[in-house]
Amino acid sequence: MKVLGISASLRNARYGAGSESFITELKACADKDAVKKYLHEQTQIRVFEFMDAGREKAESFDVIYRNLRKQRNARGLSNSETALGAGLWGCYNDGVDIEHVGLARYFPMRGEAQNLDKLKEIVLSADGYLISGPVYFGDRGSVAQEFISWLKNDPEIVAHLQNKAYAGLAVGAKRNGGQETTLMFQIFDMCQLGMHVVGNDAETTSQYGGTIVAGDIGTAGDDNYGLDTSIGTGRRIAKVVNLHKISQKVKLRDRPRISIWAIQDDENRSGRAHIEKWCEDVSKRIDVDFQYMDISAETVHRCIACDLCPTHVGPLEEYRCIINDKEDFFKANHEKIVDTDGILLAAYSPKDWQNLNSVYQRFIERTRYFRRDDYVFSNYVAAPIVISEIGSQQYISMRMAMSLLRHNTILTKPLIGRMNDGEILNWDALVNQGEKFVQSVASMTPARLEDAVVDNVERRYNPVGYAISLARVNEEVEVGLVDKVKSDAGVAANESVKARVVSK
Ligand SMILES: Cc1cc2nc3c(=O)[nH]c(=O)nc-3n(C[C@H](O)[C@H](O)[C@H](O)COP(=O)(O)O)c2cc1C
């Protein structure tokens, strides 16, 4: 299994033999400190090359750029390549092989794309894709854009990319320069392409991928936390590739259980009617147990943003949010919520907002206690499902997708039923997509259950930015409470594997 690291900047320093030496050098870094030191040195080399190519003589940038392209380029790293180096190292360190390709040689500064047969061969040989590029106007640059369009236009590539792992890294000159928007837009494209999408990992609090702040050539190596987000993104993609590998050997003994958390509907339950019919049609094609949770008109109290969340360490089945009203949906249904294999977050989104009940925002903010409970939904396959009337323009599926990713889930393409005059125009496609979603849950669940037996360090919630929580967690670790809960969880995970997973 192999992850392909793709750099998408015209400032790329590595291609061909330079890409190969980049990979060899990354593999030789023994630990995190070594890789950071290596990346720092390489970004500096790029500064010197820049000087040699003409900056020292005050040449104009286009002259420098042409001179740089003439160099043999087996050394140095651009900013987005530096992020990629961190990500690829994180991936390799978790046991997955890596390769590098620089897009600048395929999508050059001027003229047509070239050597695309070679690029296709490289793309088709990979099992996961880590794309790193600069932020241009809060979005990706044209090199990344043309690469993605090219992927989408080739049916053989699209077929290959189905259920493959994807994650992204973005480098911008400013702290809020649009790294997150760039990552989000790209996430939607990769979901549309049918990929299994992840962000960065628990150590840097499960966001949308790696984000680096660096403007001038040679500066990415200084952004220590940014490098950590990139390493964590590499680890996440390695996790999915490793789960895919396990899933080739095991399967579920029983049916996958998929929860539909319906958080927005009208008083007549129009959304429910469509989604239940959809469940029926999908169930005719593939074995699955759907559990529809009609939450839109339930009492869901707001999150009060308490300083210690969850209230204490404990077993998964125990409700540990500070809100204790027995009418509250989470308090009353905690065990049901956690008893699932896959998640569909559902909404009805009509043009007319009258009679619409939405608890979406309350619901999602209250899921904080699952996230902070070491990511209860780590590696669960998840997607939004929305019955969206033409003209509703709510974009709720995007908000849902982004919030689901924060639970360290594996995100797949949002399921969107396009409704006109009460009829779903793309019904067959929606049912087909449903079948694909169930297949993903069915194949990833046994792998996730097996992995859960050993994986309890990597997904520890790291309370970045919360000193009080950190102190409490440290106390719980010191008195052995965390170890006790983890060892009980390990026993429970083992039992689940025995009960539900068989070899193929
Ligand atoms: C056309 C253009 C637009 C840019 N737009 C942004 C932006 O919106 N936000 C930002 O933070 N940086 C922006 N930048 C800065 C680059 O993202 C930054 O220099 C980055 O380090 C380049 O990475 P690279 O060296 O791998 O190409 C822009 C740069 C260019 C050339």
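Everything numeric here is computed off the predicted structure, so don't read it as measured data. Every chain begins its residue count from 1, and numbering advances along the sequence as written. At least 70 in pLDDT is required for a residue's local features to be given in this predicted model, at least 80 for side-chain atom pairs to be given and counted, and no such filter applies to totals for whole chains, interfaces and linings, which use all residues. Side-chain descriptors were evaluated using all non-hydrogen atoms of the structure, hydrogens and water having been removed beforehand.

Student: Could you clarify how one ought to interpret the packing of aromatic side chains in this entry?
Tutor: We describe a pair of aromatic rings using the distance from one ring centre to the other and the angle between the two ring planes. Centres within 6.5 Å make a pair out of two Phe, Tyr or Trp rings, where for Trp the six-membered ring is used; the pair is then stacked when the planes are under 30 degrees apart, edge-to-face when over 60, and tilted otherwise. Enumeration according to the criterion identifies 14 aromatic pairs in this entry. With centroids separated by 6.5 Å and ring planes inclined at 80°, the aromatic side chains of F107 and F147 adopt a geometry described as edge-to-face. Of this pair, F107 sits in the loop between β2 (97-102) and α5 (116-124) while F147 sits in helix α6 (residues 142-152), placing them 40 residues apart in sequence. No difference in accessibility class separates F107 from F147, as the two residues are buried. Measuring from ring centre to ring centre gives 5.6 Å for W261 and F377, while their planes differ by 65°; the resulting arrangement is edge-to-face. Separated by 116 residues along the polypeptide, W261 in strand β9 (residues 257-266) and F377 in the loop between α13 (368-371) and β13 (381-389) bring together distant segments of the chain. By way of ring pairs, the aromatic residues W261, Y319, F329, F330, F363, Y369, F370, F377 and Y380 are connected into one cluster. Over a ring means this: the NZ of a Lys or the CZ of an Arg is within 6 Å of the ring centre and within 35 degrees of the ring normal. Between the NZ or CZ atom of R105 and the centre of the ring of Y15, over which it lies, the distance is 3.8 Å. Over the aromatic face of Y380 sits the side chain of R448, whose NZ or CZ is 3.7 Å from the ring centroid. The helix and strand labels rest on DSSP assignments: H or I over at least four residues marks a helix, E over at least two residues marks a strand, and numbering proceeds from the N terminus. Think of it in three bands: residues with accessible area under 20% of the maximum for their type are buried, residues over 50% are exposed, and the middle band is partly exposed, with areas taken using a 1.4 Å probe on protein chains only.

Student: It is not clear to me how the packing of helix α2 (residues 32-55) against helix α4 (residues 79-93) should be interpreted in this structure. Could you clarify?
Tutor: Between α2 and α4, whose axes approach to 10 Å, the crossing angle comes to 160°. Considered as vectors, α2 and α4 are oriented roughly antiparallel to each other. Relative to α4, the crossing made by α2 is right-handed. Here K32, V35, L39 and T43 of α2 lie close against α4, whose contacting residues are T82, G85, A86 and W89. Polarity classes work like this: nonpolar for Ala, Val, Leu, Ile, Met, Phe, Trp, Tyr, Cys and Pro, charged for Asp, Glu, Lys and Arg, and polar for all others, with Gly in that last group. In terms of residue class, the contact of α2 with α4 is made up of 4 nonpolar, 3 polar and 1 charged. Fitting a line to C-alpha atoms yields each axis, with helices limited to the stretch in contact; the angle taken between N-to-C directions then spans 0 to 180 degrees. Convention used here: angles under 35 degrees read as roughly parallel, angles over 145 as roughly antiparallel, angles from 65 to 115 as roughly perpendicular, and any remaining angle as oblique. Less than a right angle of anticlockwise turn of the near helix away from the far helix marks a crossing as left-handed, whereas a clockwise turn marks it as right-handed. In what follows, residue pairs with any heavy atoms lying within 4.5 Å of each other are defined as contacts.

Student: For this particular structure, what's the right way to read the side chain of K120?
Tutor: Position of K120 among the secondary structure elements: in helix α5. The class of K120 is buried, set by a relative accessible area of 19%. A distance of 3.0 Å separates a polar atom in the side chain of K120 from a polar atom in the side chain of E156. Excluding residues within four positions of it along the chain, K120 makes contact with W150, D154, E156 and I157. Whenever a nitrogen or oxygen atom comes within 3.5 Å of another N or O atom, the pair is scored as a polar contact, on the condition that within protein one atom can donate a hydrogen and the other can accept it, and that pairs from neighbouring residues in sequence are kept only if both atoms are in side chains.

Student: What exactly am I supposed to notice about the site of the ligand here?
Tutor: Near, as used in this document, describes a residue that has one of its heavy atoms within 4 Å of the molecule or strand being considered. Taken together, 17 residues lie around the ligand, and S9, S80, V135, G177 and A214 are the ones closest in. Between V135 and the ligand, the recorded distance is 2.8 Å, taken from a backbone N or O atom to an oxygen atom. Measuring from an oxygen atom of the ligand, one finds a backbone N or O atom of A214 at 2.6 Å. Computed on the free molecule, the ligand has an accessible area of 650 Å², of which 78% lies beneath the protein chains in the complex. For the shell around the ligand, the secondary-structure elements that each account for two or more residues are α4, β3 (128-136) and β5 (165-172). Top contributing element to the shell around the ligand by residue count: β3, with 3 residues. Class assignment for the residues of the shell around the ligand results in 7 nonpolar, 8 polar and 2 charged. To measure how exposed things are, a 1.4 Å probe is used in the Shrake-Rupley method; for residues, cover is taken only from the protein chains shown.

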